[in-house]
Amino acid sequence: MKHTVCLIPGDGIGPEVARAARLVVDASGAEINWLELAAGAGAVAKYGDVLPQETLEAIQRYQVALKGPVTTPIGGGFKSVNVQLRKKLNLYAAVRPVRSMPGIQTRYDNVELVVIRENTEGLYSGIENEVTEGVVTSLKVTTRKACERIARFAFRYAHERGRKKVTVFHKANIMKMTDGLFLECARAVRTAEAPDIEYNELIIDNGCMQLVKDPSQFDMLLLENLYGDMVSDLCAGLVGGLGVVPGANIGDTCAVFEAVHGSAPDIAGKNVANPLALIMSAVMMLNYLGETAAAERIKNAYNHVLGRRRLEDLTPDIGGRGTTKTFTEAVIRAMNG
Ligand code: NAI
């Protein structure tokens, strides 16, 4: 069956890695009708908007998107496109699998965990105020509805994927009401719907220390929005960096697949960005679409390319001497060979 997928190249390294992912998916045998759409700083010139209505409506209509990163200005300027997209499409669960990869040497070779991040509220609600000159506030919004929904998603995911343990990172010793509610909902959902799944809670500062000391003790992490954002990057650092960690933003009707990394302005336009994270996100997307054979083909191909470690194939972030293009071509050759 032919699927229509919205492709948002995005900003910075986005167009380079999106092109790579598209080429790899097209070579996998999956039949995709790509609908290219604009979002991010680059969309402003043509649409006068960082998140054009046309883009939103297309994702609502076709329900699946593969998205490159978009730039968000710091300390002012327009609101994050990602935050808007996740809220408007109700993409409440971010799923970020983090695993040790063949041929990528890091301090650990036994990481196999999934970060589940609540994607719609917390401090990302963007409700900020200047109370008086020199005094500003940011409101952390936590609702029972969103906490229960993400907890239910996490435990269902554990059941579906044969995962054994969920650990919540929190700061409910300080944010007693907001993080307290997050914990209360996680405990209640676990008791009612997943008593067979091991469950524990760690104050996030200790959790981060435990993660870098021995990541193999974790299976699934469940976190509110801001903690999930930060801990995802920390986890990426355990397995080789942002170039190798994929992600999905899932809602009840739509799903947007994107890497954890940002638009990497420091390397944009240089043909050195690692496209693997977005290729892996595309594999998650193909599995979501039921294109499991194509997904498996791509996965085997990149594992093969990584495992044989020809430096001219690999991008510099994972110790290679190659480019975005050489890695993409090597993966496609491995699929065809
Ligand atoms: P970043 O993830 O873009 O880059 C952090 C570091 O990792 C940089 O040194 C970069 O070169 C490297 N890196 C990232 N992806 C890589 C890849 N595929 N291959 C090789 N190296 C890679 O984070 P940064 O610099 O904090 O943010 C840059 C912009 O991206 C900001 O405007 C930020 O708001 C945006 N951003 C967008 C995201 C999204 O669209 N999903 C997610 C995170 C940040």
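Please refer to the structure higher up on the page.
Since the structure is predicted, the reported quantities are computational estimates derived from the model, not experimental observations. (Residues numbered from 1 in each chain as written. Predicted model: local features only at pLDDT ≥ 70, side-chain atom pairs only at ≥ 80, totals over all residues. Heavy atoms only, no water.)

Attention now goes to the site of the ligand. Residues in contact with the ligand amount to 21 residues; listed here are only the nearest, Val70, Thr72, Asn82, Gly262 and Ala264. At a separation of 2.7 Å, an oxygen atom of the ligand approaches a polar backbone atom of Ala264. One of the side-chain nitrogen or oxygen atoms of Asp266 is found 2.9 Å away from an oxygen atom of the ligand. Surface burial for the ligand is 70%, taken as the share of its 810 Å² of free accessible area covered by protein chains. (Near = heavy atom within 4 Å. Polar contact = N/O pair within 3.5 Å; in protein donor to acceptor, adjacent residues only side chain to side chain. Areas by Shrake-Rupley, 256 points an atom, 1.4 Å probe, with all protein chains shown as cover.)

Tracing the chain through its elements places Phe327 in helix H11 (residues 324-336). You can call Phe327 buried: its relative accessible area is 0%. With 15 residues separating them in the primary sequence, Phe327 and Glu312 have C-alpha atoms 8.3 Å apart. Each residue touching Phe327, except ones within four places of it in the same chain, is listed here: Asn274, Pro275, Leu276, Ile279, Tyr302, Val305, Leu306, Asp313 and Leu314. (Helix = DSSP H or I, 4+ residues; strand = E, 2+ residues; numbered from the N terminus. Buried < 20%, exposed > 50% of the residue type's maximum accessible area, 1.4 Å probe, protein only. Contact = heavy atoms within 4.5 Å.)

For Asn119, the location among the structural elements is in the loop between strand E5 (112-118) and strand E6 (128-132). Polar contacts involving the side chain of Asn119 include one to the side chain of Asn249, which spans 2.9 Å. If near-sequence neighbours (up to four positions away) are discounted, Asn119 is found in contact with Arg86, Leu91, Tyr92, Ala93, Ala94, Asn225 and Asn249.

Here we take up the sheet that holds strand E9 (residues 198-203). Across a sheet, strands are paired by hydrogen bonds formed along the backbone, either parallel or antiparallel in direction. Strand order in the open sheet formed by 10 strands is E2-E1-E3-E12-E11-E4-E5-E10-E8-E9, with mixed pairing between adjacent strands. Both edges of this open sheet fall to strand E2 (32-36) and E9, since each of them pairs with a single strand only. Strand after strand, the sheet turns through a mean of 25 degrees between neighbouring axes, direction not considered. One ladder, built from 6 bridges, connects strand E8 (residues 165-170) with E9; its direction is parallel. The residue bridging Val168 from the neighbouring strand is Glu201, located in E9. Each of strand E1 (3-8), E2, strand E3 (64-67) and strand E12 (255-258) is contacted by helix H3 (residues 53-62), which is oriented at about 150 degrees to E1, the strand it contacts most. Packing of helix H6 (residues 178-193) onto the sheet brings it into contact with E5, E8, E9 and strand E10 (220-223), and relative to E9 it is tilted by some 170 degrees. (Pairing = 2+ DSSP bridges. Axes fitted to C-alpha atoms, helices over the stretch in contact; angles between N-to-C directions.)

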